[in-house]
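Residue strings, one per chain:
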Amino acid sequence: MSSLDLFHYEKPTLLEFDSMVRCQGYASLAGVDEAGRGPLAGPVVAAAVILPAGIGLSEVDDSKKLTSGKRDELFEVIMANALAVGVGVSDAGVIDRINILQATLAAMKEALSLLFIKPDYVLVDGISKIPVTIPQKTIKKGDGTSLSIAAASIVAKVHRDRLMVSYDAEFPQYGFAAHKGYGCVDHLKAIAEHGPCPIHRMTFSGVKEHVKIVKSEE
């Protein structure tokens, strides 16, 4: 039984899990996660993070468990301590064209490609493998399992939230700074009133019903 198989019997800490992976002979370990699969507007953002072996970062956890303020704080800590960070983005147009899963995997692939240190193993949050030749392991709820994935979840979330705040200044009628593009009641009302804007995902329910079909002149 490999040390990775022990995960099924006794759950290690986030750092212990990454250490077990490195014990398999992988020195340069990258964690990959995404933010923004569910919203009705904005991009899906993926981050890839390579941390130094043995670094604690005890407060780093699944980004969904953290407050916005704590995520911002830990983002700075991660960026200061990581050996390499890459961020990939698939915008709403890409999502509409190739679907959210493929757009997510494309953003993850881009994030890996932007690491200036090439990883020899990748831990991926979720169940879908990234289309790269680097050895990888997909992990359900990986952001609560691996320190590297948890760090990537924070980087992706903070990066995306900041993008949505910038979009709020461009399209203030939708309230993107508050809800970050998710389908809350206020956002749905704004779409119904104003119609979708260029960063909305036109193929998503809640948006597609309000897309005006323009017939070309014969």
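As the structure is a prediction and not an experimental result, all values here were calculated from the model.

**So, the overall build of the protein**
Looking only at helices and strands, one finds seven helices and five strands in the protein. The order of helices and strands in the protein, counted from the N terminus, is α-β-β-α-β-α-α-β-β-α-α-α. For the protein, the spread of C-alpha atoms along the three principal axes comes to 65 × 40 × 35 Å. When the 218 residues of the protein are sorted by exposure, 48% land in the buried category. Considering only contacts within the protein whose residues lie at least 6 apart along the sequence, 64% involve residues at least 24 apart. If you sum the accessible surface of the protein, you get close to 10900 Å²; carbon and sulfur atoms cover 55% of it. Taking the 23 positively charged and 26 negatively charged side chains of the protein as two groups, their mean positions are separated by 4 Å.

**Observations regarding the pairing of strand β1 (residues 29-35)**
Note on strand geometry: in a regular strand, side chains alternate between the two faces of the sheet. Judged by how many residues are buried, β1 sits mostly within the fold: seven of seven residues are covered. Neither face of β1 is open: one carries Leu 29, Gly 31, Asp 33 and Ala 35, the other Ala 30, Val 32 and Glu 34, and all of them are buried. Examined bridge by bridge, β1 and strand β4 (residues 121-125) share four bridges and lie parallel to one another. Residue pairing for β4: Ala 30 is matched across the bridge by Val 122. Pairing analysis gives six bridges linking β1 to strand β2 (residues 44-50), with the strands arranged antiparallel. Residue Val 32 lies in a different strand from β2, and its bridge partner there is Ala 48.

**Concerning the environment of Ala 111**
Counting through the fold element by element, Ala 111 comes out in helix α4 (residues 100-113). For the pair Ala 111 and Val 87, spaced 24 residues apart in sequence, the C-alpha separation works out to 4.4 Å.

**Thoughts on the pattern of salt bridges**
Scanning the model with the defined rule gives eight salt bridges in all. With its nearest N and O atoms 3.8 Å apart, the salt bridge here joins Arg 162 to Glu 76. With Arg 162 in helix α5 (residues 147-170) and Glu 76 in helix α2 (residues 68-81), this residue pair connects regions lying 86 residues apart in the sequence. Each of the salt bridges in this network shares a partner with another, and the network as a whole consists of Glu 59, Lys 70 and Glu 73.

**Some points on the nonpolar core**
By size, the foremost hydrophobic cluster in this structure holds 22 residues, and its most contacted members are Val 49, Leu 51, Val 60, Ile 78, Leu 147 and Ile 154. Where this core is concerned, the elements lending two or more residues are β2, α2 and α5. Residue contributions to this core peak at eight residues, all from α5. In this structure, Leu 147 is in contact with Leu 14, Leu 15, Asp 18, Leu 51, Ile 55, Gly 56, Leu 57 and Val 60, ignoring residues within four places of it in sequence. By size, the runner-up hydrophobic cluster in this structure holds 16 residues, among which are Ala 30, Ile 50, Ala 107 and Val 122.

**Here we look at α5**
Given 3.6 residues per turn, any residue in an α-helix points the same way as the ones three and four places further on. Taking 1.5 Å of rise per residue, the 24 residues of α5 would be expected to cover 34 Å, and the 35 Å separating its terminal C-alpha atoms lies within 8% of that figure. Looking at where α5 begins, the residue whose side-chain oxygen comes 3.2 Å from the main-chain nitrogen of Ser 148 is Ser 146.

**Considering unusual backbone geometry**
The phi dihedral of Asn 99 is positive, around 85°, even though this residue is not glycine. Take Asn 99: it is sitting in the loop between α3 (92-98) and α4. On the basis of relative accessibility, which here comes to 40%, the residue Asn 99 falls in the partly exposed class. Phi at Lys 180 takes a positive value of approximately 60°, unusual for a residue other than glycine. Here Lys 180 lies in the loop between α6 (176-179) and α7 (185-194).

**Concerning the sheet that holds strand β5 (residues 136-139)**
Strand pairing in a sheet is mediated by backbone hydrogen bonds. Such pairs are either parallel or antiparallel. In space, the five strands of this open sheet follow the order β3-β2-β1-β4-β5, with mixed pairing throughout. Strand pairing shows two members of the sheet lacking a second neighbour, β3 (84-90) and β5, which therefore form its edges. Taken pair by pair, the neighbouring strands of this sheet meet at an average axis angle of 20°, ignoring direction. Here β2 runs beside β3; their pairing, made up of seven bridges, is antiparallel. Directly across from Ala 46, in β3, lies its bridge partner Gly 88. This element, helix α1 (residues 14-22), spans β1, β4 and β5 of the sheet and lies at about 145° to β4.

About the criteria used
- Residues numbered from 1 in each chain as written.
- Predicted model: local features only at pLDDT ≥ 70, side-chain atom pairs only at ≥ 80, totals over all residues.
- Heavy atoms only, no water.
- Helix = DSSP H or I, 4+ residues; strand = E, 2+ residues; numbered from the N terminus.
- Buried < 20%, exposed > 50% of the residue type's maximum accessible area, 1.4 Å probe, protein only.
- Contact = heavy atoms within 4.5 Å.
- Areas by Shrake-Rupley, 256 points an atom, 1.4 Å probe, with all protein chains shown as cover.
- Lys, Arg positive; Asp, Glu negative; His and termini not counted.
- Charge placed at Lys NZ, Arg CZ, Asp CG, Glu CD.
- Pairing = 2+ DSSP bridges.
- Salt bridge = Lys/Arg side-chain N within 4 Å of Asp/Glu carboxyl O.
- Core = buried A, V, L, I, M, F, W, Y, C linked by side-chain atoms within 4.5 Å.
- Expected span 1.5 Å × (residues − 1).
- Polar contact = N/O pair within 3.5 Å; in protein donor to acceptor, adjacent residues only side chain to side chain.
- Axes fitted to C-alpha atoms, helices over the stretch in contact; angles between N-to-C directions.

Interpretation note: all reported values are geometric properties and have no functional meaning in isolation.
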